[in-house]
Amino acid sequence: MIVTLIVACEIAFWVLLAAGLALRYGARRPRLGAAVLLCEPVLELVLLAVTAVDLKNGAAPDWKHGLAAVYIGFTVGLGHSAIKWADARVAHRFAGGPPPVKPPKYGAARAAREWKVAARWTVAAVTALALLQAAVRYVGGAGDVTSLRSWQRTMLLVIGINLVIAASYTVFPKREPHKDPPAT
């Protein structure tokens, strides 16, 4: 049931996003579109409540409960940037908005962008870690929490990978290719 709910939440996320943007730009109802977009966190609250009830009713904590925590964490950390990304493209394509800003490719600007990306992924992973730890405490010493601990290690790995990537762009900044002058 938890996996089905996670899939349903993901589908609902994109449906709400499409509906919110359609209302904002297609129907020219920006406030109503924003209200629909603000319903997104309700999905995560429902998933959190169902997961807690499932554990409370005696379900053995397994990978599905961990996946629910990770999904919620990633929505918290990355959902807003996904909505902004889609909003910029829809505004440009259908509402005459400016073209979306292309991310920098080189130098310090690229390194700064990579640190921002790493920060978003870190927020996602830390949120998931906190929810996983709450689940571990909720289950208590009587239950087998090995799968939840495994998800926690995975979230620490996600943080580490993102920090290494950001640091690599800081220490070894990508340089703009040298352009040769045109031949005469």
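Residues numbered from 1 in each chain as written. Predicted model: local features only at pLDDT ≥ 70, side-chain atom pairs only at ≥ 80, totals over all residues. Heavy atoms only, no water.

> For this particular structure, what's the right way to read the overall build of the protein chain?
The helix and strand tally for the protein chain stands at six helices and zero strands. What you see in the protein chain, going N to C, is helices and strands ordered as α-α-α-α-α-α. Computed over the C-alpha atoms, the radius of gyration of the protein chain is 21 Å, more than 25% above the 16 Å expected from 2.2 N^0.38 for a compact globule of 184 residues. Based on the C-alpha atoms only, the size of the protein chain along its principal axes is roughly 80 × 45 × 20 Å. A total of 184 residues make up the protein chain; the buried ones form 34% of that total. Accessible area of the protein chain: about 11400 Å², with a carbon and sulfur share of 68%. With 21 positive and 10 negative side-chain charges, the protein chain shows a separation of 8 Å between the mean positions of the two kinds. (Helix = DSSP H or I, 4+ residues; strand = E, 2+ residues; numbered from the N terminus. Rg over C-alpha atoms; globule rule 2.2 N^0.38 Å. Buried < 20%, exposed > 50% of the residue type's maximum accessible area, 1.4 Å probe, protein only. Areas by Shrake-Rupley, 256 points an atom, 1.4 Å probe, with all protein chains shown as cover. Lys, Arg positive; Asp, Glu negative; His and termini not counted. Charge placed at Lys NZ, Arg CZ, Asp CG, Glu CD.)

> Mind showing me how you'd approach the packing of aromatic side chains here?
The relation between two aromatic rings is expressed through the spacing of the ring centres and the mutual angle of the planes. One pass over the full model with this rule turns up two aromatic pairs. Look at phenylalanine 13 and tryptophan 14: their rings are 5.0 Å apart centre to centre, the planes differ by 85°, and that puts the pair in the edge-to-face class. Classification of tryptophan 14 as partly exposed rests on a relative accessible area of 43%. (Phe/Tyr/Trp six-rings, centres within 6.5 Å; stacked < 30°, edge-to-face > 60°.)

> Help me understand helix H5 (residues 107–139), please; the structure alone is not making it clear to me.
Residues spaced three or four apart along an α-helix face the same direction, because each turn holds 3.6 residues. In this model H5 runs 48 Å from its N-terminal to its C-terminal C-alpha over 33 residues, within 8% of the 48 Å that 1.5 Å per residue would give. Residues of H5 that are buried: Arg110, Ala111, Glu114, Val117, Ala118, Ala124, Ala125, Ala128, Leu129, Leu132, Ala135 and Val136. On the buried face of H5, the contacting elements are helix H3 (40–56), helix H4 (63–95) and helix H6 (146–171). Glycine 140 occupies a position one or two residues after H5 and carries a positive phi of about 80°. (Expected span 1.5 Å × (residues − 1). Contact = heavy atoms within 4.5 Å.)

> Is there a simple way to explain helix H2 (residues 30–37) in this structure?
Along H2, the residues that are buried comprise Gly33, Val36 and Leu37. The buried residues of H2 occupy an angular sector of 100° when the element is viewed end-on, so they sit on one face. Its buried side turned inward, H2 meets helix H1 (2–26), H3 and H4. (Arc of directions from axis to C-beta.)

> Help me understand the confidence of the model for the protein chain, please; the structure alone is not making it clear to me.
Close inspection of predicted coordinates is inappropriate in any region flagged by low pLDDT. Scored by pLDDT, the protein chain has a mean of 91; 98% of the residues are at 70 or more. Here H3 stands out as the element of the protein chain with the lowest mean pLDDT, 89, in contrast to H6, whose mean of 96 is the highest. (pLDDT = per-residue confidence, 0-100.)

> I would appreciate a short explanation of the state of the cysteines in the present structure.
Taken as a whole and judged by the stated rule, the model has zero disulfides. Lacking any disulfide linkage, cysteine 9 is separated from the closest cysteine sulfur, that of cysteine 39, by 13 Å. Note on cysteine 9: relative accessible area 3%, which makes it buried. What makes cysteine 39 partly exposed here is its relative accessible area of 37%. (Disulfide = S-S within 2.5 Å.)

> Is there a simple way to explain the pattern of salt bridges in this structure?
If charged atoms from side chains of opposite charge come close, those side chains can pair. Throughout the structure, instances matching the rule amount to four salt bridges. Put simply, aspartate 87 and arginine 24 hold a salt bridge, and the shortest N to O gap is 3.0 Å. Separated by 63 residues along the polypeptide, aspartate 87 in helix H4 and arginine 24 in helix H1 bring together distant segments of the chain. Given the relative accessible area of 18%, aspartate 87 is considered buried. Looking at arginine 24, the relative accessible area reads 22%, which means it is partly exposed. (Salt bridge = Lys/Arg side-chain N within 4 Å of Asp/Glu carboxyl O.)

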